[in-house]
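# Analysis of the macromolecular model
Each chain, letter by letter, is given below.
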Amino acid sequence: MKKLTLLIPIYNESRNMRALAEAVTPLINNRLTSEKYDWEVLLVNDGSTDTSLAAMAALHAADSRFQYLDLSRNFGKENAMLAGLDFASGDAVIIMDADLQDPVEVIPEMIRQWEDGYDDVYGRRRSRGKESALRRKLSLTFYGLLQKFTRIDILPNVGDFRLLDRICVNALRQMRENQRYTKGLFCWIGFNKKEVLFDRNDRPGGKSSFSYRSLFNLAIDGITSFTTVPLRLASVMGLFTAMCSIMYLCYVLVRTLLYGDPVAGFPTIMCVMLFLGGCQLIALGIIGEYIARIFTETKQRPPYLVKSLNGKRLDR
Ligand code: UDP
Ligand code: MG
C-alpha cells in the first residue's frame with residue numbers, strides 16, 4: 001500500500017492545535033483515502049516557545065500515525081519544511097500550514113490529480129483570505145518583479161500548500177542551501193505540475209508570524225537566490241552614468257573653447273558628486289547582498305538541527 005505524508009511545520013500554534021487535529025483526523029480516517037493509503041502526519045516543531053510541543057506529544061500518544069519532529073530551535077518555516085521532507089517516508093508529501101488557512105477539503109482533489117500522474121499538485125488561491133490591501137499589493141508587485149527578472153516562472157498566489165510526489169521530494173532534498181526560497185525551488189525543479197484552486201481561509205487563532213520586515217527579507221532572499229539581474233542592473237547603471245558624463249565632458253570642452261572658462265558651477269559639481277556617490281553605494285550594496293549569500297552558503301552549515309523524533313532524542 002502506498003503511503004501519504006501530511007507535513008505541517010509548526011511554530012507557536014498552540015491555539016490552533018486542537019482545530020488542526022479536528023480537521024486532519026477525518027481526512028486520514030476518510031474511507032476513500034484511508035483504504036487506499038497509509039497515512040503519516042509529520043508535525044515539525046520549529047522551536048515553538050508555547051505548549052505546541054506538548055500538544056503534538058499528546059496527538060502522537062493517541063494515534064501513532066501522528067509523528068512529531070522537534071528542531072533544536074526556530075529555523076524558520078523554509079528550513080522546517082526541508083526537515084520535514086527529509087524525515088517524511090511517504091510516496092507523496094502534502095505540505096500544509098498549521099493555522100488551517102489551507103483548507104483540508106482540497107487535499108482529496110490533490111490526491112486524485114496525483115493518481116492521474118501529476119507530480120506536483122499545487123494549490124492556487126482564488127482569494128487570499130483576510131489581509132491588508134497594502135500587503136496584498138506589495139506581494140503581487142514582488143511576484144511581478146521576480147517574474148520579469150528570472151527565467152523560471154514563479155507563480156503568484158501559489159504558496160507552499162501542495163502535494164509532491166517522491167520524485168519532487170528527492171529533488172528538493174538535494175538543494176541544501178541555507179537561505180531557502182522554497183516557493184522558487186518548487187518552480188525550479190519542474191516535473192508535471194497541476195493546479196488546484198482553493199479559497200484561503202482567515203487565520204482562526206494567533207497572528208501571522210510573517211511581519212512586513214520578514215516578508216521584505218524573504219523577498220530579498222527570493223531575488224538574490226534566483227537571479228543575478230540586480231548585478232547586471234548595477235553595471236548598466238554604471239555604463240549609463242559614464243556615458244552621460246562623457247557627453248557632458250564634450251559639452252564643457254566645446255563651451256570652454258568657444259566662450260572661455262568663467263569659474264562657476266559649484267552646485268553642478270555637488271549634484272554630480274552626490275549622484276555618483278549614491279549610484280556607487282547602491283551598486284556596492286547589491287554586490288554586498290550576493291557576497292553575504294556566498295559567505296553564509298560557503299560555511300556549509302546544516303540548514304536545521306533535530307533534537308528529537310517522537311520524543312526520542314536523535315543522537316549518534
Ligand atoms: N512557521 C514555522 N516557522 C516559523 C514561522 C512559521 O514553522 O518560523 C509555520 C507556522 O506555524 C504555520 C506556517 O509556517 O504553520 C505558516 O505561518 P503563518 O501562518 O505565520 O504565515 P502566513 O500564513 O501568514 O504566510
Ligand atoms: Mg498562515
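Residue numbers here run from 1 along each chain, matching the order of that chain's written sequence. Starting at A for chains and at 1 for ligands, labels are handed out in the order in which the entities are written. With the structure being a predicted model, the display of local features is reserved for residues of pLDDT at least 70 and the display and counting of side-chain atom pairs for 80 or more, all residues being used for whole-chain, interface and lining totals. In computing side-chain values, all of the structure's heavy atoms are included and hydrogens and water are not.

### Here's the deal with the overall build of the chain
Note the cut-off: In this description a helix means any DSSP run of H or I spanning at least four residues, a strand means any run of E spanning at least two, and both kinds are numbered starting from the N terminus. C-alpha atoms define the radius of gyration, and 2.2 Å times the number of residues to the power 0.38 defines the globule rule. Exposed residues in this analysis have more than 50% of their type's maximum accessible area, buried residues have under 20%, and partly exposed residues fall in between, with area computed by a 1.4 Å probe over protein chains only. Surface exposure here means Shrake-Rupley accessible area, sampled with a 1.4 Å probe, where a residue is shielded only by the protein chains that are shown. Just so you know, the count uses Lys and Arg for positive and Asp and Glu for negative, and it drops His and the chain ends. One atom stands in for each charge, and that atom is NZ of Lys, CZ of Arg, CG of Asp or CD of Glu.
Helices and strands together make up the secondary structure of the chain, namely 11 helices and 9 strands. Its C-alpha radius of gyration of 25 Å places the chain more than 25% over the 20 Å reference for a compact globule of 316 residues. The C-alpha extent of the chain, read off along each of the three principal axes, is 95 × 40 × 35 Å. Of all 316 residues assigned to the chain, the portion counted as buried reaches 41%. Surface exposure of the chain reaches about 17,700 Å², of which carbon and sulfur atoms provide 61%. Counting 41 positive and 34 negative side-chain charges, the chain places the averaged centre of each group 4 Å from the other.

### Observations concerning the confidence of the model for the chain
Predicted coordinates in regions of low pLDDT should not be interpreted in detail. Test applied: What pLDDT conveys is the predictor's confidence in a given residue, as a value from 0 to 100.
Summary statistics for the chain give a mean pLDDT of 85 and a share of 95% for residues scoring 70 or more. Considering each helix and strand of the chain separately, the mean pLDDT is smallest for helix H2 (residues 31–34), with a value of 72, and largest for strand S4 (residues 92–95), with 94.

### Describing the coordination of the magnesium ion (ligand 2)
Quick reminder of the rule: Water is absent from the atoms considered, so a metal site may look incomplete; donors are defined as N, O and S atoms within 2.8 Å of the metal, or 3.2 Å for Na, K and Ca.
Every protein donor of the magnesium ion (ligand 2) is listed here as Asp99 (OD) and Gln101 (OE1), and their distances to the metal cover 1.9 Å. Overall, Gln101 belongs to the buried group, its relative accessible area being 11%.

### Comments concerning the pattern of salt bridges
The condition that has to hold: We define a salt bridge as a contact between a side-chain nitrogen of Lys or Arg and a carboxyl oxygen of Asp or Glu at a distance within 4 Å.
Taken as a whole and judged by the stated rule, the model has 12 salt bridges. With a shortest N-O distance of 2.9 Å, Lys77 and Asp97 are connected by a salt bridge. Of this pair, Lys77 sits in helix H4 (residues 77–87) while Asp97 sits in the loop between S4 and helix H5 (107–115), and the two are 20 residues apart along the sequence. The partner of Glu195 in a salt bridge is Arg124, with the nearest N and O atoms 3.0 Å apart.

### A few points about H5
As a reminder, the rule being used: What the arc describes is the spread of directions from the helix axis to the C-beta atoms.
Three or more residues of H5 are buried, namely Ile107, Met110, Ile111, Gln113 and Trp114. Buried residues of H5, seen end-on, are gathered within an arc of 160° and therefore sit on one face of the element. Positive phi shows up at Gly117, right after H5, with a value of about 105°.

### Things to note about the environment of Thr5
Put simply, the rule reads: Here, residues are in contact when the closest pair of their heavy atoms is within 4.5 Å.
Relative to the assigned elements, Thr5 resides in strand S1 (residues 2–10). The exposure class of Thr5 is buried, given its relative accessible area of 0%. Measuring from C-alpha to C-alpha, the distance between Thr5 and Asp116 comes to 18 Å, with 111 residues separating the pair along the chain. Aside from chain neighbours lying at most four places away, what touches Thr5 is Glu40, Leu42, Ala88, Ser89, Gly90, Ala92, Val93 and Ile94.

### Side note on the sheet that holds strand S9 (residues 312–313)
Applicable threshold: Two strands pair if DSSP finds at least two bridges between them. Orientation is described by axes fitted as lines to C-alpha atoms, over the contacting stretch for helices, and by angles from 0 to 180 degrees between their N-to-C directions.
Taken together, the 9 strands give an open sheet; going across it, the order is S7-S5-S6-S4-S1-S2-S3-S8-S9, and neighbouring strands pair in mixed fashion. Where the open sheet ends on each side, the last strands, each with one partner, are strand S7 (193–199) and S9. The pairing of S1 with strand S2 (residues 37–45) spans 9 bridges and is classified as parallel. Residue pairing across strands places Ile10 opposite Asn45, the latter belonging to S2. Those strands touched by helix H8 (residues 182–189) are S4, strand S5 (120–127), strand S6 (158–165) and S7, and its axis lies near 45° from that of S6.

### Quick notes on the packing of H4 against helix H7 (residues 166–174)
The cut-off we apply is this: Orientation categories follow fixed angle ranges, with anything under 35 degrees roughly parallel, anything over 145 roughly antiparallel, 65 to 115 roughly perpendicular, and all other angles oblique. Handedness of a crossing is defined here by the sense of rotation of the near helix relative to the far one, left-handed for an anticlockwise turn of less than a right angle and right-handed for a clockwise turn. The nonpolar class holds Ala, Val, Leu, Ile, Met, Phe, Trp, Tyr, Cys and Pro. Asp, Glu, Lys and Arg form the charged class, and all remaining residues, Gly among them, are polar.
Across the interface, H4 lies against H7 with an axial gap of 10 Å and an inter-helix angle of 125°. As far as their axial angle goes, H7 and H4 are oblique. Between H4 and H7 lies a crossing of left-handed hand. Of the residues in H7, those touching H4 at Leu82, Leu85 and Asp86 are Val169, Leu172 and Arg173. Here the residues of the contact of H4 with H7 are counted per class, giving 4 nonpolar, no polar and 2 charged.

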